[in-house]
Amino acid sequence: MITSTANAYVKLIKSLAAHKGRVEHGLFLAEGAKLVSEAMDAGVTLHSVAFSSDAPPALDALRARAEAAGVPVYDLDARVFSAASDAVTPQGVLAAVRIPDPGAPGPAALPDIIVALERVQDPGNMGAIIRTADAAGAGAMLLSPGCCEPFSPKAVRGAMGSAFRLPLYRAEDFTGLLRRCADSGYAILAGVLDGENVFAAKDLPDKFVLMIGNESGGLSEAALACATRRLRVPMAGGAESLNAGVAAGVLLYALMQGRLAGL
């Protein structure tokens with residue numbers, strides 16, 4: 001039982017709340033039984049799992065599963081666990097998860113449905129888009145330089161386990177990769193305010209990259225120059241625009257409606 005916040009393991013866990021700590025250790029936090037269980041289901045690499053001394057008996061099965069998988073398990077005094085946790089209301093279990101390789105593969109290794117984010121900076125939007133892309137059936141996400149970190153605590157909570165299933169690639173040459181995708185047969189679709197009404201659009205592609213831009217500035221001119229088609233979400237009310245996470249969800253589901261109609 002770890003009873004001191006000065007313990008090296010506790011210091012490691014606490015450091016993962018900050019970007020610097022996540023970069024230094026190559027780890028991020030997954031808190032709560034649902035996220036830890038989904039991480040195990042997805043087969044991602046767990047560095048360790050920690051339980052609070054006041055964890056409910058319902059978590060015993062999760063402990064047994066971690067131990068059976070050979071994952072190091074730590075027990076923390078409830079006070080120490082609360083100090084280490086990033087959650088407002090700690091749930092008695094957390095895991096340190098290995099951050100996957102963020103490098104983007106070439107177009108030939110990418111799936112048919114991709115969501116590409118350019119300079120999306122709000123972790124809440126990041127998490128929501130990851131979750132929506134996973135739910136809609138996208139196969140990967142591309143993140144441009146300037147995007148917020150997808151493995152911050154807020155983004156991980158917003159993604160609700162989808163960050164364990166959906167490949168998230170950092171694309172340092174964002175527009176270069178988009179152009180290579182276009183050369184490989186992808187339609188490059190830009191979510192904009194002045195494009196075609198996505199609900200009225202005909203001949204929607206089966207293989208595409210959907211681009212979503214920065215919350216305030218939208219897509220850059222360089223990204224827009226890569227687009228083969230521009231699409232918008234129609235708005236009947238007085239709002240000038242939609243939240244980036246909502247816009248991404250509406251566009252993606254409209255594009256995927258043919259695939260999802262039979263589910």
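Please refer to the structure higher up on the page.
Residues numbered from 1 in each chain as written. Predicted model: local features only at pLDDT ≥ 70, side-chain atom pairs only at ≥ 80, totals over all residues. Heavy atoms only, no water.

Student: How do you make sense of the side chain of Asn214 when you look at a structure like this?
Tutor: Locating Asn214 in the fold gives a position in the loop between strand 9 (208-212) and helix 10 (221-224). At 2.8 Å, the side chain of Asn214 and the backbone oxygen of Arg119 are in polar contact. Setting aside residues no more than four positions away along its own chain, Asn214 makes contact with Glu118, Arg119 and Gln121. (Helix = DSSP H or I, 4+ residues; strand = E, 2+ residues; numbered from the N terminus. Polar contact = N/O pair within 3.5 Å; in protein donor to acceptor, adjacent residues only side chain to side chain. Contact = heavy atoms within 4.5 Å.)

Student: How should I be thinking about the pattern of salt bridges in this particular structure?
Tutor: Pairs may arise between side chains of opposite charge once their charged atoms sit close together. Counted by the stated rule, this structure contains 9 salt bridges. For Glu149, the salt bridge goes to Arg22, with nearest N and O atoms at 2.6 Å. Here the residue Glu149 occupies a position in the loop between strand 6 (140-143) and helix 7 (153-159), and Arg22 occupies one in helix 2 (residues 19-25), the gap between them amounting to 127 residues. Arg165 serves as the salt-bridge partner of Glu38, at 2.5 Å between the closest nitrogen and oxygen. A residue pair is termed long-range when its members are at least 10 positions apart, and Glu38 in helix 3 (residues 33-42) and Arg165 in helix 8 (residues 162-165) qualify at 127 residues. Given a relative accessible area of 43%, Arg165 falls into the partly exposed group. By sharing partners, the salt bridges in this structure join Lys34, Glu38, Asp134 and Arg165 into a single network. (Salt bridge = Lys/Arg side-chain N within 4 Å of Asp/Glu carboxyl O. Buried < 20%, exposed > 50% of the residue type's maximum accessible area, 1.4 Å probe, protein only.)

Student: What is the right way to read the environment of Val71 from this model?
Tutor: With respect to the helices and strands, the residue Val71 is situated in the loop between helix 4 (60-68) and strand 3 (73-76). Looking at Val71, the relative accessible area reads 13%, which means it is buried. Taking the C-alpha atoms as reference points, Val71 and His47, 24 residues apart in sequence, are found 6.9 Å from one another.

Student: Can you help me understand the state of the cysteines in this one?
Tutor: In protein structure, a disulfide is the covalent linkage between the sulfur atoms of two cysteines. Taken as a whole and assessed by the stated rule, the structure comprises 0 disulfides. Free of any disulfide, Cys147 has its nearest cysteine sulfur in Cys148, 6.6 Å distant. A residue is classified by how much of its surface remains accessible, and Cys148, at 12% relative accessible area, is buried. (Disulfide = S-S within 2.5 Å.)

Student: What exactly am I supposed to notice about the sheet that holds strand 3 here?
Tutor: Within a sheet, each strand pairs with its neighbour through backbone hydrogen bonds, oriented either parallel or antiparallel. Spatially, 4 strands are ordered 1-4-2-3 in an open sheet, and the strand pairing comes out mixed. Only two strands of the sheet have a single partner each, and these edge strands are strand 1 (27-31) and strand 3. Ignoring which end each strand starts from, the neighbouring axes of this sheet average 25 degrees apart. The pairing of strand 2 (residues 46-52) with strand 4 (residues 93-98) spans 5 bridges and is antiparallel. Each residue of the ladder has a partner; that of Ala50, found in strand 4, is Leu94. (Pairing = 2+ DSSP bridges. Axes fitted to C-alpha atoms, helices over the stretch in contact; angles between N-to-C directions.)

Student: Which parts of the structure should I look at to understand the packing of helix 3 against helix 4?
Tutor: A pair of packed helices is characterised by two quantities: the angle between their axes and the separation of those axes. Running from amino to carboxyl end, helix 3 crosses helix 4 at an angle of 30 degrees, the nearest separation of the two axes being 11 Å. With respect to each other, helix 3 and helix 4 are oriented roughly parallel. By crossing handedness, the relation of helix 3 to helix 4 is classed as left-handed. Counted together, Ala33, Val36, Ser37, Met40 and Asp41 of helix 3 and Leu62, Arg65 and Ala66 of helix 4 form the full contact between these two elements. Considering only residue class, the contact of helix 3 with helix 4 consists of 5 nonpolar, 1 polar and 2 charged. (Parallel < 35°, antiparallel > 145°, perpendicular 65-115°, else oblique. Left-handed = near helix turned anticlockwise from the far one by under 90°. Nonpolar A, V, L, I, M, F, W, Y, C, P; charged D, E, K, R; others polar.)

Honestly, it's all geometry; don't read function into it.
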